[in-house]
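Chain by chain, the residues run as shown.
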Amino acid sequence: MAEWWSLSSLACRPPDAARTVAWQSDAQHLSHADLLVRTGCWQRALAQQPQSHCALYLNDPFEFAAALLAAWHAGKTVLIPGDDRPDTVHALRTAGHLLVGDLPAALQACPDDAGATAWNRQALNPSAARMRLYTSGSQGQPEAIDKRLDQLVSELDALEDAFGKVLAGRAAENARPIVWTTVSHQHIYGLLFLVLWPLAAGRPFGLRRLLYPQDLAACLGACASVLVSTPAHLRRLSNPPDWTQARQQLRGVFSSGGPLPFEVSRFASTVLGQTPIEVFGSSETGGIAWRQCTSAQDPWQLFSDVQWRLDGACLTVRSPRLPDAQWWTTSDRAEPAGPHGFRLLGRADRIVKIEEKRVSLSTIEQQLLKTPWVQEAKALVVDTPIGARVGVVAVLTPAGREQQASRSRRVWLDLLRHALAHSVQAVALPKRWRFVDALPVNAQGKSPESLLRALFTAQTADRTRAPERPEMPAVHWLQRSATESLATLDIHSGLTVFDGHFEVAPILPGVAQLDWALTLGRECFAIPPRFVRLETLKFFRPVQPGTVLYLALQFRPHLADAVLCSLGFRLYSHDAATQSEREHASGRSIWSHAPGAVHA
């Protein structure tokens, strides 16, 4: 079992080439000694900058860890933006903050050199080293949260105390597990579980985010492993990959970022061989409690250093993760359960006003989930011609899809509204509905209001256009980052690309699938202007009207030529009957900045 290292002195220790920090494969891993070299490079670059606050955004968690330690040792306050969208970058730049890493015109580290580790660093002062994080925006606009290093350290101590022995495995196993994640380290959950906790505990972390079941099965089964995930990602586990090796190697599965339905927990337990450990908390409070469910009613267990009480009906906590010793009242309703636990009863802060009437969005969601037709629901306030009204984004159960298909839209929506009528006043009944195959999520596996609202604004805008037949389907982005994106495409018979392919049994032309992948790839990523060639283009099965296609995009440097970049795509759908994926097409396009690039 690896020695526990304090984060405040981790970069002051002698280089240790035997302590693995990051892992790509059996033949490729990075050590503490490598980390100190990169920390020195980043510290050299940061020490020359006058700004006191630096915004850190790096897709590589190893480089992120090195830059974070360097910034703290350079005396900087570190800002961790949750995304790299243009409005986020503009706000950071307008505030005068130094941009660092994978942001436009951002500071880069100097090249590796022999003197990069020669810094005479002093241990960090845990109460002076500071960080600013941002909430996910799942309840509205993202908010800034300031944290001291000692608050973060207290959380690492609590996690190790609760789960360290479980992750260590049996003494006979002796191998330190690799920590893999489906979430970004640019948010508090991924930051703690993928970067800071493994650094302190001596557990290597994987350099890749695992977004697809095939990648999960391969990496989790390669050696002893830990999975850090979210309800949204655990829900998308599918059966076709062989999970046998993963079940043998997994030592723990963590889920946070939102409620984990018991049926999803049970499904993940069957697939992965480990019941997920749910961790409850927030960016403001840090970790509060955890549970590993054997039934839907299992209570939450407090971390050993957390106290709780009820303030009215709301959970109120006190812990070393908070900025001071005062009690913090959350927006979560709770009730006691056993001597040291509680049950959550939903959020209390999702109260909005519609025509001066107080409306609980949480109540609307909860009542819809009680019906046999709705699997997931998110309610929000949307603009309509008659003013602000409630809109709902819903994922239907198989029974719900059958009801929707067998009834007119009006009768179907009246059925849903009738289910709400006994507990929701008339003015609060939803006026706008969007039914989706999966809720849109960001890199943290959450569904922020901005992504939900986009489903309404995009379709509202469509109504203002002439009623012509479109060439391209409606695109709903589920996830977007600088290197990976995932969207759904609504393939319906009204698309003009079906003309002539074929009257009796229309199918989607392969050239249209390729064109959409390239068009949307250029929308997502900074792709060079010159097309070079196509590689590994394959079409596996036809696409017919009525299909919801998933488009997965990956933008990477080309492995064989540093001048080239690669845009990979994969088109697939879900088989509701078998809960499995159906491959339709995949391929890779190569692009270059070089003027001499030749089309092939």
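Keep in mind it's a predicted model, so treat the numbers as computed, not measured.

Digging into the packing of helix 2 (residues 61–73) against helix 5 (residues 188–201)
It is the contact of helix 2 with helix 5, at a shortest axis distance of 11 Å, that shows an interaxial angle of 65°. Seen from above, helix 2 lies across helix 5 with right-handed handedness. Touching P61, F64, A65 and L68 of helix 2 are L191, L194, V195, L196 and L199, all from helix 5. Tallied by class, the residues present in the contact of helix 2 with helix 5 amount to nine nonpolar, no polar and no charged.

Things to note about empty space enclosed by the protein
Scanning all chains against the criterion turns up three cavities of 30 Å³ or more. Estimates place the volume of the largest cavity at around 190 Å³. Residue lining of the largest cavity: 16 residues in total, with L211, Y212, P213, R236 and L486 positioned closest to the centre. Listed by contribution, the elements that provide at least two residues to the lining of the largest cavity are helix 6 (213–220), strand 25 (484–491) and strand 28 (564–575). Of the residues assigned to the lining of the largest cavity, the class counts are nine nonpolar, five polar and two charged. Its volume calculated, the second largest cavity comes out at about 60 Å³. In terms of lining residues, the second largest cavity is bounded by W5, L10, R19, T20, V21, H32, P198, L199, G202 and R203.

Things to note about the packing of helix 1 (residues 32–47) against helix 2
Relative to each other, helix 1 and helix 2 sit at 50°, their axes nearing to 8 Å. Judged on the interaxial angle alone, helix 2 and helix 1 are oblique. Considering how the two elements wind past one another, helix 1 and helix 2 form a crossing that is right-handed. Contact residues: D34, L35, R38, T39, W42, Q43 and L46 in helix 1; F62, E63, A65, A66, A67, L69, A70, A71 and H73 in helix 2. Among the residues forming the contact of helix 1 with helix 2, the class breakdown is ten nonpolar, three polar and three charged.

Focus on the pattern of salt bridges
Under the counting rule described, the total for this entry stands at 14 salt bridges. Ionic contacts of the salt-bridge type, sharing partners, join the residues R533, E535 and R588 into one network.

Remarks on the sheet that holds strand 23 (residues 432–435)
Adjacent strands of a sheet form backbone hydrogen bonds with each other and so pair up, either parallel or antiparallel. On the basis of which strands lie adjacent, the open sheet formed by three strands has the order 21-22-23 and mixed pairing. Taken across any chain shown, the strands that pair with only one partner, and hence form the sheet edges, are strand 21 (374–384) and strand 23. Going across the sheet, the axis of each strand differs from the next one's by a mean of 20°, ignoring polarity. Relative to strand 23, strand 22 (residues 387–396) is paired through four bridges, and the arrangement is parallel. Paired with A394 across the strands is F435, a residue of strand 23. Docked against the sheet, helix 12 (residues 409–421) engages strand 21, strand 22 and strand 23, running at close to 105° with respect to strand 23.

As for unusual backbone geometry
The phi dihedral of A105 is positive, around 55°, even though this residue is not glycine. Of note, A105 is situated in the loop between strand 5 (98–101) and strand 6 (130–134). Looking at A105, the relative accessible area reads 80%, which means it is exposed. Positive phi is not limited to glycine here, since T536 has a value of about 50°. Among the secondary structure elements, T536 is positioned in strand 26 (residues 530–539).

Brief notes about the sheet that holds strand 6
Spatial ordering of the open sheet is given by 5-3-4-6-7, a layout of five strands whose pairing is mixed. Both outer strands of the open sheet, strand 5 and strand 7 (144–148), are each paired with one neighbouring strand and no more. Direction aside, the axes of adjacent strands within the sheet are offset by 30° on average. Here five bridges tie strand 6 to strand 7, and the two strands are oriented antiparallel to one another. What sits directly across from R132, in strand 7, is D146. This element, helix 2, spans strand 3 (53–57), strand 4 (77–79) and strand 6 of the sheet and lies at about 170° to strand 3.

With respect to the environment of G206
Among the structural elements, G206 can be located in strand 9 (residues 205–209). A sequence separation of 359 residues divides G206 from C565, and the C-alpha atoms of the two residues are 23 Å apart. In contact with G206, not counting residues within four places along its chain, are W23, P61, I178, V179, W180 and L194.

A few points about the packing of aromatic side chains
The relation between two aromatic rings is expressed through the spacing of the ring centres and the mutual angle of the planes. Inspection of the entire model under this criterion finds 17 aromatic pairs. On the numbers, 6.2 Å between centres and 65° between planes, the contact of F280 with F342 is edge-to-face. Of this pair, F280 sits in strand 12 (residues 277–282) while F342 is found in strand 18 (residues 341–347), placing the two residues 62 residues apart along the sequence. Residues F525 and F555 carry aromatic rings whose centres are separated by 5.5 Å and whose planes lie at 10° to one another, so their mutual orientation is stacked. With a gap of 30 residues between them, F525 in the loop between helix 14 (510–524) and strand 26 and F555 in strand 27 (residues 547–557) connect regions that are remote in the sequence. Looking at F555, the relative accessible area reads 13%, which means it is buried. Among the aromatic residues, ring-to-ring pairing joins F163, Y189, F193, W197, F254, W290 and F303 into one connected group. Of note, R19 hangs over the ring of W5, and the distance from its end group to the ring centre comes to 3.8 Å. Against the face of W327 rests R309, its NZ or CZ located 4.3 Å from the ring centre.

What counts and how
Residues numbered from 1 in each chain as written. Predicted model: local features only at pLDDT ≥ 70, side-chain atom pairs only at ≥ 80, totals over all residues. Heavy atoms only, no water. Axes fitted to C-alpha atoms, helices over the stretch in contact; angles between N-to-C directions. Helix = DSSP H or I, 4+ residues; strand = E, 2+ residues; numbered from the N terminus. Left-handed = near helix turned anticlockwise from the far one by under 90°. Contact = heavy atoms within 4.5 Å. Nonpolar A, V, L, I, M, F, W, Y, C, P; charged D, E, K, R; others polar. 1 Å grid on protein atoms, 1.4 Å probe; cavity = no way out; pocket = protein on both sides within 12 Å on 5 of 7 lines; lining within 4 Å. Points joined across faces, edges and corners; volume = space filled by probe spheres on them. Parallel < 35°, antiparallel > 145°, perpendicular 65-115°, else oblique. Salt bridge = Lys/Arg side-chain N within 4 Å of Asp/Glu carboxyl O. Pairing = 2+ DSSP bridges. Buried < 20%, exposed > 50% of the residue type's maximum accessible area, 1.4 Å probe, protein only. Phe/Tyr/Trp six-rings, centres within 6.5 Å; stacked < 30°, edge-to-face > 60°. Lys NZ or Arg CZ within 6 Å of the ring centre and 35° of its normal.

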